[in-house]
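# Per-entry structural report
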Amino acid sequence: MTEYPTDDSKPTDGSETTYASDTIYARHAPVFVLWACRETGIVDTLLEAPREPTEVAETTGVTERAAAVALDALVALGFAEERNGEYRPTDRLSAFDPETPIEERGILPHRLDSLEKYLALPTAMKGGDRPGFSETGLENYAAGMASVDGSLLRAAVTATEHAHPRPDCVLDVGGGIGRFGTEFARRGAAVTLVDRPGVIELARQHLEGSDVEPVPGDALESLPDGFDLAFCGRLTVGFSPAENERLFENVYEALDAGGTVACLEYVSGRSSIAPMFAVHMLAMSETGGTYTEEQYHTWLGRAGFVDVDVRDVPGTDCQLVIGRKPE
Ligand SMILES: C[S@@+](CC[C@H](N)C(=O)[O-])C[C@H]1O[C@@H](n2cnc3c(N)ncnc32)[C@H](O)[C@@H]1O
């Protein structure tokens, strides 16, 4: 397989500037190619059966020139392979196969959906509307959430357990399809996962037979109560400051006295990811952004939490914002 040049590739022709060192182009060009292949149906037609370029042109309506160029690009990017003039998908392309279970699809389909939102960023920056998600957008989003790196997941749960050792009853607020909730359950907690109804439907399929109970709800309205730990993973970055104040009021009510709230986030001024993540939220949604330590201190303090602290999660570029409900 031909390797696509990476940012680290060394110039091979002695020149100062190579395609590979053109960092921005090298990053966005593959995403655009993949996006175009998905949108034109080239990805779907390849997933159906091995194809020659002329067949791809016939079934999708792209020109023969485009089919040949796109297929070779998919090979160069590792999404297809060519044998005797026929192109067939590699495992990497199965991320786009609706038959592939959500938890195995990875974040790529969601990244392509995000691309459409980034293209509309100039409009969004002037207060205009963002494009909606495609039909499969929610599944792609869920697959993206599920692709959280295992070492980050374990480091975050361990850091949370340092703040609140051996929790019995955990409320996973905005828990997605339950990667974090499942890790708390694996370590012995009874876990209730609250998320929006559409996500809960997907979570149910994923969590069948597990010790995590998925419950539909709106964390900005109300939450179930009786928990000693509330975990919010990458949730506050989706809300406005006013919504976060409301969230923490509801989380406070959900906790028993002595309970702990722990939020895994990219804290502005602490995480190098935060500035670009704020851009991501600007592109993706009406609300959201990254927030400073001071903002978290203010919101948690106003809700009644004490011992508020922002800690780096070891080995990651994320922080854990914690607070305790007094006894
Ligand atoms: C970025 S995802 C994080 C999922 C998971 N906690 C993780 O870290 O992988 C944010 C989640 O919050 C959920 N969410 C957003 N607004 C919510 C609300 N008002 N009430 C409950 N869940 C919400 C979204 O549906 C989504 O599943």
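Going by what an unreviewed UniProt entry lists, the protein is known as SAM-dependent methyltransferase and is assigned to Halalkaliarchaeum desulfuricum.

### Here we look at the nonpolar core
One finds F180, L264 and L320 to be the most contacted residues of the largest nonpolar core, which totals 39 residues. Of the residues forming this core, the biggest block, six residues, is contributed by helix α8 (residues 150–163). Taken together, domain 2 (99–144) and domain 3 (148–324) each give at least three residues to this core, which thus spans both. In this view, L320 contacts A156, A159, T160, F231, A262, C263, L264, D309, V310, R311 and V313; residues no more than four positions away in its chain are not counted. Counting residues in hydrophobic clusters, the runner-up holds 29 residues, among them L223, A230, Y252 and A254.

### What about the side chain of S271?
Within the element layout of this structure, S271 appears in the loop between β7 (255–265) and α12 (274–284). A polar atom in the side chain of S271 sits 3.1 Å from the backbone nitrogen of I273. Apart from the residues lying within four places of it in its own chain, the contact partners of S271 are Y266, D317 and Q319.

### Brief notes about the site of the ligand
Close to the ligand lie 17 residues; G174, D195, D218, G233 and R234 are nearest. At 2.8 Å from a nitrogen atom of the ligand is found a side-chain nitrogen or oxygen belonging to D218. A219 has a polar backbone atom sitting 2.9 Å from a nitrogen atom of the ligand. Considered class by class, the residues forming the shell around the ligand number eight nonpolar, five polar and four charged.

Calculation rules
- Residues numbered from 1 in each chain as written.
- Predicted model: local features only at pLDDT ≥ 70, side-chain atom pairs only at ≥ 80, totals over all residues.
- Heavy atoms only, no water.
- Core = buried A, V, L, I, M, F, W, Y, C linked by side-chain atoms within 4.5 Å.
- Buried < 20%, exposed > 50% of the residue type's maximum accessible area, 1.4 Å probe, protein only.
- Helix = DSSP H or I, 4+ residues; strand = E, 2+ residues; numbered from the N terminus.
- Domains from an automatic or database assignment.
- Contact = heavy atoms within 4.5 Å.
- Polar contact = N/O pair within 3.5 Å; in protein donor to acceptor, adjacent residues only side chain to side chain.
- Near = heavy atom within 4 Å.
- Nonpolar A, V, L, I, M, F, W, Y, C, P; charged D, E, K, R; others polar.

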